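An overview of the molecular structure
One letter stands for each residue in the lines below.
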2 protein chains.
Amino acid sequence: MNKITPRTLKGFRDYLPETMIPRRKLIETAARVYQSYGFSPIDTPALEYLEILTGKGSDETDKQLYRFTDHGGREVGLRFDLTVPLARFVSQHINELGTPFKRFHIATVWRGENTQAGRYREFMQCDFDTIGTWNVSADIESTLVIYDLMRAIGFERFTIHLNNRKVLSGLLEKLDLADKTVPVLRALDKIAKIGYDKVLAEMCETAQATETQAKEVLQLATLQGNNDDILRQLETLLAGSEKGTSGVADLRAILNAATAVGIDEAHLKLNVSIARGLDYYTGTIWETFLGDLPGLGSVCSGGRYDNLTGMFTNQPLPGIGASLGLDRLLAGMEQLGMISGIRTPAPVFIPYFDKERLHDYLKIAAQLRAAGIGVEVYPEAKKLGQQLKYADRKGFAYAVIAGSEELDRGICQLKNLSEQSQQEVLLEDLPALLITL
Amino acid sequence: MNKITPRTLKGFRDYLPETMIPRRKLIETAARVYQSYGFSPIDTPALEYLEILTGKGSDETDKQLYRFTDHGGREVGLRFDLTVPLARFVSQHINELGTPFKRFHIATVWRGENTQAGRYREFMQCDFDTIGTWNVSADIESTLVIYDLMRAIGFERFTIHLNNRKVLSGLLEKLDLADKTVPVLRALDKIAKIGYDKVLAEMCETAQATETQAKEVLQLATLQGNNDDILRQLETLLAGSEKGTSGVADLRAILNAATAVGIDEAHLKLNVSIARGLDYYTGTIWETFLGDLPGLGSVCSGGRYDNLTGMFTNQPLPGIGASLGLDRLLAGMEQLGMISGIRTPAPVFIPYFDKERLHDYLKIAAQLRAAGIGVEVYPEAKKLGQQLKYADRKGFAYAVIAGSEELDRGICQLKNLSEQSQQEVLLEDLPALLITL
């Protein structure tokens, strides 16, 4: 029989244990934080009717869709994000769900885009959203979620950049540039990349702003000082604009609440130059940067949007939420040495040392597991050296070594595999000792 | 703009919180047990080259495959199980993985089959396997994993049915029926459904066995007594067959080890009539039944196979593993009242009672979360009654109610929402008290 070459499709990848273990841990951490705020898990199908996926997508996402005709002649596609499925889900079930509805969704999405460094055609998204309330307390809570997420993952140095789209919209209304919002935003979004002068030029060109108007808009991007200083300058700049003033009030409410629960200003920075791309967001927006790797880009982004479900129903439902960039974060954590390279989820290894004493090894393992300690028993009575080499390769922390003589005396040798140190331990004391290590 | 009807494809479904919460819990329990034995998480792409998926599949699975041509003109398909991807994964990475390789894989698979009651076109599999060892200690360990899984999920009454394919193969060799193994197995597998006489008839007809031969085979299915009695009868029946004797020895080794670690015979029953369908398995096999719902079918099944990777390489790799039937188990747990219907992952609810005191509510919530207690703060300062109705609907266990007066005194009312009882608690004592409840 001809052999088939075992291979994965271009843009797709296998997750081996050393990659999957930290990935799983990150996903579990995110789920734990989301749940600690009352966000419920949900899931939706990977396949949806094509019309649902293409209904609101851009030409860009339409081109990237994995689509086909199924056995029943239906036009279907693989989801390319979790936002369109959320909109469909909420529209379909809102009477059963009620509002406010808080959900998180950690799931795979597919995009047949050109594969570049670090871009895959299959990846996971990790979103949380609160649907059905305009109250700023949801904006506050979501900010706290992002902060807790970053801390729970293990970061000390990070900054959540906070803005509100109503600030800019209010200013543009005041300047009679409201109908130019999209080109102005597009230009402003590039300030970190291309600088003040080029953004100014782009605004005059594509948004037909006068230089005076463009400069007033760009004032926003050049405000100086701490959060309080900037808030005060914004209040002056936007005086008379109802929308702008309301945006500043939301920002103040979020910053005040963050201070009240003890979040340091180093972690939450008002930054009126972030715009998060196009015209989806309508209020609060966030981007989150690692202090040690600012060039990595935002690792947690999102914001408030007015009308999630417009494609499906006339009942307008607002929402607010953000998405943790799992792959980007894992790449950053690897660069920062936060990923161990361990290939086993269990810390303890028991060599199958004496062929006749398997039951003893199984009993020791069962006792450790009952104490919540993961343990692997080697499945073959090979030479001890070979078994310990296996343990080293996998990255176990400890080996529990016992031959007939030790077992008869009720003891074992507990070996610390990274330090290569060893101590004699009574078997009955082993679970309690390992828990403290 | 025309509205699009929000709907899911036939055979696909959304998971709402009350369904997803127990589902997630079950998946986490399985992952925890697998990891406690040193099984590592892995993942593989949902999409594979079609030739990989069709290489070993039956006509049945081929017909059910979701397949299409991708943007690059490749013939691709959605995985229909986790075994074919495991074979591909192991063949591709074995030098890096080394043996023994122990992995678990909990992931979605797709089959475009006819939808019947309880059958979906998208479902999750939950497999664990040990690759690369013929040693019976892997068979022993896998049996312990199944036992621990069932206990960890919360079952007291269940029976793991244990058999070994070498017992029947040995007997068939002895009876010169070895070339009829597949039809004999097919017939024997139906004994619980169609009874002794019909199986006897089918064996004579489709396997061309004589009645004497068929009756000897059926002796296997009618052995009586406890595990030890049956082992002794098997030893006599198979005397002279090397293969059969080796199968009985494996069974004895597993049963002895299970007894040694304290597993009651009520939970592990030698049952030589189970065959697990076709000719994939070659040694140990298991099926697991709930004591209170035997008619549900097996909720955890699997066995030992000789050659996982034959489709891809000439290097033969044996494996042993089993699969937890998540959907069947959840259906069973629902029937048994083991599923609560709760729609929130957080036990504590804080009504937004006094509009001016949001910061206080946020601080209480933060303190509870720091103690590991999930808590949701209602996002709008609505009437208390409305908020408590929301809390009831969601199924929160406790509400922490505090107005200005209580907050100023440093206290709150802790309300048990199911008992409708209430007590006054000092805010500083709240985390410690809730942990004990």
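The model shown is predicted, which means the values in this text are computed figures rather than measured ones.

Each copy of the sequence occupies a distinct position, and chain B is placed on chain A by a rotation of 180° and an axial shift of 0.0 Å, giving an RMSD of 0.1 Å. What we have between these two chains is a two-fold relation. Among all residues of chain B, the minimum C-alpha distance to the rotation axis is found for Phe68(B), at 3.1 Å. Here 100% of the contact residues of chain B are again contact residues in chain A; the copies associate through an equivalent surface.

What follows is about the sheet that holds strand β5 (residues 101-110) of chain A. All names here are of chain A. Ordered by their spatial adjacency, 8 strands build an open sheet running β1-β5-β6-β11-β10-β9-β7-β8, and the pairing between neighbours is mixed. Because the sheet does not close on itself, it has two edges, and the strands there are β1 (40-41) and β8 (268-270). Bridging between strand β7 (residues 158-164) and β8 involves 3 bridges; their strand directions are parallel. By the bridge assignment for β8, His161 is matched with Lys269. Packing of helix α12 (residues 242-260) onto the sheet brings it into contact with β7, β8 and β9 (284-290), and relative to β7 it is tilted by some 150°.

All names here are of chain A. By the element assignment, Arg79 lies in the loop between β4 (75-78) and α4 (83-97). For Arg79, a relative accessible area of 5% gives the class buried. Within polar-contact distance, the side chain of Arg79 engages the backbone oxygen of Thr44 at 2.8 Å. Discounting residues that sit within four places of it in the chain, Arg79 has contacts with Asp43, Thr44, Pro45, Ala46, Leu53, Pro85, His105, Ala107, Thr108, Val109 and Trp110.

Another aspect to go through is the side chain of Asn416(B). Residue and element names in this part refer to chain B. In this fold, Asn416 is placed in strand β15 (residues 411-416). For Asn416, the side chain forms a polar contact with the main-chain nitrogen of Glu419, separated by 3.0 Å. Not counting chain neighbours up to four residues away, the residues in contact with Asn416 comprise Ala397, Tyr398 and Ser421.

Take the sheet that holds strand β12 (residues 348-350) of chain B next. Residues and elements named next belong to chain B. Judged by pairing direction, the sheet is mixed, and its 5 strands sit side by side in the order β13-β12-β14-β15-β16 without closing on themselves. Both edges of this open sheet fall to β13 (375-377) and β16 (421-426), since each of them pairs with a single strand only. Shown here is a sheet whose adjacent strand axes are inclined to one another by a mean of 25°, direction ignored. Here β12 pairs with β13 via 3 bridges, running parallel. Bridging from a neighbouring strand, Phe349 pairs with Glu376 of β13.

Scored by pLDDT, chain A has a mean of 94; 97% of the residues are at 70 or more. Interface confidence for the predicted complex, given as ipTM, is 0.94, next to a pTM of 0.95.

On to the packing of aromatic side chains, then. Aromatic ring pairs: the centre-centre distance and the angle between the two ring planes describe each pair. Evaluated as defined, the whole model comprises 31 aromatic pairs over all chains. Each ring, one from Phe68(A) and one from Phe68(B), has its centre 4.5 Å from the other, and the planes form 5°; the classification is stacked. Here Phe68(A), found in strand β3 (residues 67-69), pairs with Phe68(B), found in strand β3 (residues 67-69), and the two come from separate chains. Taken individually, Phe68(A) and Phe68(B) each receive the classification buried, so the pair is uniform in this respect. Ring centres of Tyr34(B) and Phe128(B) lie 5.0 Å apart, and the angle between their planes is 35°; this geometry places the pair in the tilted category. Here the residue Tyr34(B) occupies a position in helix α1 (residues 17-36), and Phe128(B) occupies one in strand β6 (residues 122-131), the gap between them amounting to 94 residues. Ring pairing ties together the aromatic residues Phe12(A), Tyr66(A), Phe68(A), Phe12(B), Tyr66(B) and Phe68(B), which thus form one cluster. In this structure, Arg369(B) packs its charged tip against the face of Tyr37(A), placed 3.4 Å from the ring centre.

Before going further, it helps to spend a moment on the pattern of salt bridges. Two side chains bearing opposite charge may form a pair once their charged atoms approach each other closely. All names here are of chain A. Scanning the model with the defined rule gives 52 salt bridges over all chains in all. Measuring nitrogen to oxygen at the nearest pair gives 2.8 Å for the salt bridge that ties Arg304 to Asp139. Residue Arg304 is located in strand β10 (residues 300-305), and its partner Asp139 is located in helix α5 (residues 136-153); the two are separated by 165 residues in the primary sequence. Each member of the pair Arg304 and Asp139 is classed as buried. Between Glu211 and Lys215 there is a salt bridge, with the nearest N and O atoms lying 3.2 Å from each other. Of this pair, Glu211 and Lys215 are both found in helix α10 (residues 211-219), 4 residues apart, which corresponds to roughly one turn of the helix. Look at Lys215 and you get partly exposed, because its relative accessible area is 39%. Where salt bridges share partners, they join Arg13, Arg23 and Asp327 into one cluster.

Cut-offs and rules
- Residues numbered from 1 in each chain as written.
- Chains lettered and ligands numbered in written order.
- Predicted model: local features only at pLDDT ≥ 70, side-chain atom pairs only at ≥ 80, totals over all residues.
- Heavy atoms only, no water.
- Least-squares fit on C-alpha atoms with pLDDT ≥ 70 in both.
- Contact = heavy atoms within 4.5 Å.
- Pairing = 2+ DSSP bridges.
- Helix = DSSP H or I, 4+ residues; strand = E, 2+ residues; numbered from the N terminus.
- Axes fitted to C-alpha atoms, helices over the stretch in contact; angles between N-to-C directions.
- Buried < 20%, exposed > 50% of the residue type's maximum accessible area, 1.4 Å probe, protein only.
- Polar contact = N/O pair within 3.5 Å; in protein donor to acceptor, adjacent residues only side chain to side chain.
- pLDDT = per-residue confidence, 0-100.
- Phe/Tyr/Trp six-rings, centres within 6.5 Å; stacked < 30°, edge-to-face > 60°.
- Lys NZ or Arg CZ within 6 Å of the ring centre and 35° of its normal.
- Salt bridge = Lys/Arg side-chain N within 4 Å of Asp/Glu carboxyl O.

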